[in-house]
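Okay, here's what each chain looks like letter by letter:
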Amino acid sequence: MATGHTDPQRRDRIIDATLDLIAEEGIARVSHRRIAARAGVPLGSMTYHFDGMDQLLREAFERFTDRMVALFDAHLSGPADPAQARAAVAGLVHAMSDGPARDLVLTQELYTLATRRPEYRVLTHEWMRRSRVHLEKHFDPGTARQLDALIEGLTLHRALAREPHGRALTEEAVARITASGRSLPG
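The rules behind the values
- Residues numbered from 1 in each chain as written.
- Predicted model: local features only at pLDDT ≥ 70, side-chain atom pairs only at ≥ 80, totals over all residues.
- Heavy atoms only, no water.
- Helix = DSSP H or I, 4+ residues; strand = E, 2+ residues; numbered from the N terminus.
- Buried < 20%, exposed > 50% of the residue type's maximum accessible area, 1.4 Å probe, protein only.
- Contact = heavy atoms within 4.5 Å.
- Areas by Shrake-Rupley, 256 points an atom, 1.4 Å probe, with all protein chains shown as cover.
- Core = buried A, V, L, I, M, F, W, Y, C linked by side-chain atoms within 4.5 Å.
- Expected span 1.5 Å × (residues − 1).
- Polar contact = N/O pair within 3.5 Å; in protein donor to acceptor, adjacent residues only side chain to side chain.
- Axes fitted to C-alpha atoms, helices over the stretch in contact; angles between N-to-C directions.
- Parallel < 35°, antiparallel > 145°, perpendicular 65-115°, else oblique.
- Left-handed = near helix turned anticlockwise from the far one by under 90°.
- Nonpolar A, V, L, I, M, F, W, Y, C, P; charged D, E, K, R; others polar.
- Salt bridge = Lys/Arg side-chain N within 4 Å of Asp/Glu carboxyl O.
- Phe/Tyr/Trp six-rings, centres within 6.5 Å; stacked < 30°, edge-to-face > 60°.

Participant: Sorry, what's going on with the overall build of the protein chain here?
Facilitator: In terms of helices and strands, the protein chain carries nine helices and zero strands. Listing every helix and strand of the protein chain by position from the N terminus yields α-α-α-α-α-α-α-α-α. Dimensions along the principal axes, computed over C-alpha positions, put the protein chain at roughly 55 × 35 × 30 Å. Looking at the protein chain residue by residue over its 186 residues, the buried ones come to 41%. Of the contacts made within the protein chain by residues no fewer than 6 positions apart, 68% connect residues no fewer than 24 positions apart. A total accessible area of about 9600 Å² is found for the protein chain, and carbon and sulfur atoms account for 54% of it.

Participant: Help me out: how do you make sense of the nonpolar core in this one?
Facilitator: By size, the foremost hydrophobic cluster in this structure holds 46 residues, and its most contacted members are Ile-14, Ile-35, Val-89, Leu-135, Leu-147 and Ile-151. Among the secondary structure elements, those contributing two or more residues to this core are α1 (10-25), α2 (32-39), α4 (53-76), α5 (82-98), α6 (101-116), α7 (118-135), α8 (141-160) and α9 (167-180). Not counting residues within four places of it along the chain, the set of residues in contact with Leu-147 comprises Val-89, Leu-135, Phe-139, Val-174, Ile-177 and Thr-178.

Participant: I would appreciate a short explanation of α8 in the present structure.
Facilitator: Every α-helix winds through 3.6 residues per turn, so residues three or four apart in the chain are directed the same way. When the terminal C-alpha atoms of α8 are compared, their 29 Å separation across 20 residues agrees well with the 28 Å that a helix rising 1.5 Å per residue should span. Of the residues making up α8, those classed as buried are Thr-143, Ala-144, Leu-147, Asp-148, Leu-150, Ile-151, Leu-154, Thr-155 and Arg-158. Contact partners of the buried residues in α8: α4, α5, α7 and α9. For α8, the side-chain oxygen to backbone nitrogen distance between the N-cap and Gly-142 is 3.0 Å, and the N-cap itself is Asp-140.

Participant: Looking at this structure, I do not really get the environment of Gly-40. What am I missing?
Facilitator: Of note, Gly-40 is situated in the loop between α2 and α3 (44-49). Between the C-alpha atoms of Gly-40 and Arg-129, which are 89 residues apart in sequence, the distance is 35 Å.

Participant: What is the right way to look at α6 in this model?
Facilitator: The terminal C-alpha atoms of α6, which comprises 16 residues, lie 23 Å apart, in line with the 22 Å expected from a rise of 1.5 Å per residue. Burial in α6 covers these residues: Asp-103, Leu-104, Leu-106, Thr-107, Glu-109, Leu-110, Leu-113 and Ala-114.

Participant: It is not clear to me how the packing of α5 against α8 should be interpreted in this structure. Could you clarify?
Facilitator: Describing two packed helices takes the angle between their axes plus the distance from one axis to the other. Taken N-terminus to C-terminus, the directions of α5 and α8 make an angle of 40 degrees; their axes are 8 Å apart at the nearest point. As summarised for this structure, α5 and α8 are arranged oblique, according to the angle between their axes. Classified by chirality, the crossing of α8 by α5 is right-handed. Mapping the contact onto sequence places Val-89, Leu-92, Val-93, His-94, Met-96, Ser-97 and Asp-98 in α5 and Leu-147, Ile-151, Leu-154, Thr-155, Arg-158 and Ala-159 in α8. Of the residues assigned to the contact of α5 with α8, the class counts are eight nonpolar, three polar and two charged.

Participant: Sorry, what's going on with the environment of Gly-166 here?
Facilitator: Inspection of the secondary structure assignment puts Gly-166 in the loop between α8 and α9. Between the C-alpha atom of Gly-166 and that of His-94, which follows or precedes it by 72 residues, the distance is 8.8 Å.

Participant: Looking at this model, I keep getting lost on the pattern of salt bridges. Mind explaining?
Facilitator: Inspection of the entire model under this criterion finds 18 salt bridges. Here Asp-20 makes a salt bridge to Arg-38, at a shortest N to O gap of 3.8 Å. Here Asp-20, found in helix α1, pairs with Arg-38, found in helix α2; they are 18 residues apart in sequence, far enough to count as distant. The partner of Asp-66 in a salt bridge is Arg-130, with the nearest N and O atoms 2.7 Å apart. Within this pair, whereas Asp-66 is found in helix α4, its partner Arg-130 is found in helix α7, the two being separated by 64 residues in sequence.

Participant: Whenever I open this one, the packing of aromatic side chains confuses me. Can you help?
Facilitator: Within a pair of aromatic rings, the relevant descriptors are the distance that separates the centres and the angle that separates the planes. Under the criterion given, the structure shown has two aromatic pairs. For the ring pair Phe-64 and Trp-127, a centre distance of 5.8 Å and an interplane angle of 75 degrees mean the geometry is edge-to-face. Separated by 63 residues along the polypeptide, Phe-64 in helix α4 and Trp-127 in helix α7 bring together distant segments of the chain. Taken individually, Phe-64 and Trp-127 each receive the classification buried, so the pair is uniform in this respect.

Below is the structure:
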(Lines give C-alpha, C1' and ligand atoms only; values in the text may rest on other atoms or scores of the structure.)
Protein backbone atom coordinates (compact mmCIF):
# COMPACT_ATOMS: atom_id res chain seq x y z
CA MET A 1 0.00 0.00 0.00
CA ALA A 2 1.08 3.53 -0.66
CA THR A 3 2.46 5.74 2.06
CA GLY A 4 0.83 9.01 3.02
CA HIS A 5 3.39 10.88 0.95
CA THR A 6 2.33 9.14 -2.25
CA ASP A 7 -1.29 8.81 -1.22
CA PRO A 8 -2.53 12.35 -0.50
CA GLN A 9 -6.18 11.20 -0.58
CA ARG A 10 -5.74 8.67 2.23
CA ARG A 11 -7.14 10.86 5.00
CA ASP A 12 -10.20 11.69 2.90
CA ARG A 13 -10.75 8.01 2.08
CA ILE A 14 -10.66 7.20 5.79
CA ILE A 15 -13.29 9.84 6.55
CA ASP A 16 -15.47 8.67 3.65
CA ALA A 17 -15.13 5.04 4.75
CA THR A 18 -16.15 6.05 8.27
CA LEU A 19 -19.34 7.71 7.00
CA ASP A 20 -20.09 4.72 4.76
CA LEU A 21 -19.73 2.28 7.64
CA ILE A 22 -21.85 4.39 9.97
CA ALA A 23 -24.58 4.61 7.32
CA GLU A 24 -24.50 0.90 6.54
CA GLU A 25 -24.02 -0.65 9.96
CA GLY A 26 -24.43 2.01 12.64
CA ILE A 27 -21.93 3.83 14.78
CA ALA A 28 -21.68 0.94 17.26
CA ARG A 29 -20.07 -1.25 14.59
CA VAL A 30 -17.40 1.27 13.58
CA SER A 31 -13.82 0.40 14.54
CA HIS A 32 -10.35 1.42 13.39
CA ARG A 33 -9.81 -2.01 11.88
CA ARG A 34 -13.07 -2.00 9.92
CA ILE A 35 -12.56 1.57 8.69
CA ALA A 36 -9.00 0.82 7.56
CA ALA A 37 -10.17 -2.26 5.67
CA ARG A 38 -13.01 -0.31 4.05
CA ALA A 39 -10.69 2.57 3.06
CA GLY A 40 -7.99 0.18 1.80
CA VAL A 41 -5.31 1.64 4.08
CA PRO A 42 -2.94 0.10 6.62
CA LEU A 43 -4.33 0.00 10.16
CA GLY A 44 -1.47 2.26 11.30
CA SER A 45 -2.88 5.03 9.10
CA MET A 46 -5.71 5.44 11.53
CA THR A 47 -3.51 6.63 14.37
CA TYR A 48 -1.20 8.48 11.99
CA HIS A 49 -4.02 10.69 10.70
CA PHE A 50 -6.30 10.86 13.75
CA ASP A 51 -5.68 11.11 17.50
CA GLY A 52 -8.44 8.62 18.13
CA MET A 53 -11.95 7.55 17.21
CA ASP A 54 -13.52 10.74 18.60
CA GLN A 55 -11.46 12.96 16.32
CA LEU A 56 -12.29 10.76 13.34
CA LEU A 57 -16.02 10.73 14.14
CA ARG A 58 -16.10 14.50 14.66
CA GLU A 59 -14.35 15.14 11.36
CA ALA A 60 -16.54 12.64 9.53
CA PHE A 61 -19.72 14.22 10.89
CA GLU A 62 -18.33 17.70 10.14
CA ARG A 63 -17.90 16.62 6.51
CA PHE A 64 -21.44 15.28 6.48
CA THR A 65 -22.94 18.45 8.00
CA ASP A 66 -20.95 20.59 5.55
CA ARG A 67 -22.60 18.67 2.71
CA MET A 68 -26.05 19.10 4.22
CA VAL A 69 -25.52 22.85 4.69
CA ALA A 70 -24.42 23.01 1.03
CA LEU A 71 -27.79 21.45 0.15
CA PHE A 72 -29.53 24.26 2.06
CA ASP A 73 -27.38 26.76 0.17
CA ALA A 74 -28.19 25.18 -3.19
CA HIS A 75 -31.92 25.48 -2.56
CA LEU A 76 -32.01 28.82 -0.75
CA SER A 77 -29.42 30.95 -2.53
CA GLY A 78 -31.55 31.58 -5.63
CA PRO A 79 -35.01 32.75 -4.49
CA ALA A 80 -35.65 36.40 -5.22
CA ASP A 81 -38.91 36.86 -3.30
CA PRO A 82 -40.86 35.32 -0.40
CA ALA A 83 -42.98 33.08 -2.64
CA GLN A 84 -39.87 31.64 -4.29
CA ALA A 85 -38.28 31.18 -0.86
CA ARG A 86 -41.30 29.24 0.39
CA ALA A 87 -41.19 27.04 -2.73
CA ALA A 88 -37.46 26.51 -2.19
CA VAL A 89 -38.06 25.36 1.40
CA ALA A 90 -40.68 22.87 0.20
CA GLY A 91 -38.25 21.71 -2.50
CA LEU A 92 -35.57 21.22 0.13
CA VAL A 93 -37.85 19.00 2.25
CA HIS A 94 -38.59 16.82 -0.74
CA ALA A 95 -34.98 16.72 -1.94
CA MET A 96 -33.83 15.60 1.50
CA SER A 97 -36.58 13.02 2.04
CA ASP A 98 -36.34 11.61 -1.48
CA GLY A 99 -32.55 11.72 -1.40
CA PRO A 100 -30.14 9.00 -0.35
CA ALA A 101 -31.26 6.96 2.67
CA ARG A 102 -27.62 7.27 3.74
CA ASP A 103 -28.17 10.93 4.64
CA LEU A 104 -31.18 10.13 6.80
CA VAL A 105 -29.26 7.41 8.63
CA LEU A 106 -26.23 9.65 9.17
CA THR A 107 -28.47 12.44 10.47
CA GLN A 108 -30.12 10.15 12.99
CA GLU A 109 -26.80 8.60 14.05
CA LEU A 110 -25.39 12.07 14.68
CA TYR A 111 -28.47 13.14 16.64
CA THR A 112 -28.32 10.01 18.77
CA LEU A 113 -24.64 10.57 19.46
CA ALA A 114 -25.33 14.21 20.32
CA THR A 115 -28.03 13.29 22.82
CA ARG A 116 -25.54 11.13 24.68
CA ARG A 117 -22.34 13.12 24.28
CA PRO A 118 -22.36 16.90 24.76
CA GLU A 119 -19.24 17.40 22.65
CA TYR A 120 -21.24 16.23 19.62
CA ARG A 121 -24.12 18.50 20.56
CA VAL A 122 -21.79 21.39 19.71
CA LEU A 123 -21.58 20.02 16.17
CA THR A 124 -25.35 19.71 15.81
CA HIS A 125 -25.87 23.23 17.18
CA GLU A 126 -23.39 24.57 14.65
CA TRP A 127 -25.14 22.67 11.86
CA MET A 128 -28.51 24.14 12.89
CA ARG A 129 -27.02 27.63 13.10
CA ARG A 130 -25.48 27.34 9.64
CA SER A 131 -28.74 26.01 8.17
CA ARG A 132 -30.68 28.88 9.69
CA VAL A 133 -28.27 31.39 8.16
CA HIS A 134 -29.60 30.32 4.76
CA LEU A 135 -33.20 30.51 5.94
CA GLU A 136 -32.59 33.94 7.48
CA LYS A 137 -31.74 35.30 4.03
CA HIS A 138 -35.50 35.14 3.41
CA PHE A 139 -37.25 34.98 6.80
CA ASP A 140 -36.90 36.58 10.22
CA PRO A 141 -34.89 34.57 12.80
CA GLY A 142 -37.93 33.18 14.64
CA THR A 143 -39.54 31.98 11.42
CA ALA A 144 -36.20 30.55 10.25
CA ARG A 145 -35.94 28.54 13.48
CA GLN A 146 -39.47 27.17 13.02
CA LEU A 147 -38.77 26.33 9.38
CA ASP A 148 -35.56 24.54 10.32
CA ALA A 149 -37.51 22.32 12.72
CA LEU A 150 -40.24 21.80 10.13
CA ILE A 151 -37.69 20.76 7.51
CA GLU A 152 -36.19 18.20 9.90
CA GLY A 153 -39.57 16.81 10.94
CA LEU A 154 -41.20 16.66 7.51
CA THR A 155 -38.07 15.14 5.99
CA LEU A 156 -38.08 12.38 8.59
CA HIS A 157 -41.81 11.77 8.27
CA ARG A 158 -41.69 11.66 4.45
CA ALA A 159 -38.66 9.38 4.41
CA LEU A 160 -40.12 6.87 6.87
CA ALA A 161 -43.82 6.94 5.96
CA ARG A 162 -45.39 4.03 4.11
CA GLU A 163 -47.25 6.60 2.05
CA PRO A 164 -45.29 9.86 2.15
CA HIS A 165 -47.28 13.06 2.02
CA GLY A 166 -47.21 15.06 -1.19
CA ARG A 167 -45.80 18.43 -2.04
CA ALA A 168 -49.12 20.20 -1.36
CA LEU A 169 -49.00 19.32 2.35
CA THR A 170 -45.38 20.49 2.57
CA GLU A 171 -46.24 23.76 0.86
CA GLU A 172 -49.21 24.28 3.19
CA ALA A 173 -47.04 23.69 6.29
CA VAL A 174 -44.40 26.14 5.02
CA ALA A 175 -47.11 28.70 4.22
CA ARG A 176 -48.61 28.43 7.71
CA ILE A 177 -45.28 28.99 9.42
CA THR A 178 -44.24 31.84 7.16
CA ALA A 179 -47.66 33.54 7.35
CA SER A 180 -47.00 34.37 11.00
CA GLY A 181 -43.42 35.42 10.41
CA ARG A 182 -41.89 38.30 8.59
CA SER A 183 -40.42 37.60 5.16
CA LEU A 184 -37.40 39.64 4.31
CA PRO A 185 -37.36 41.61 1.04
CA GLY A 186 -35.85 39.67 -1.89
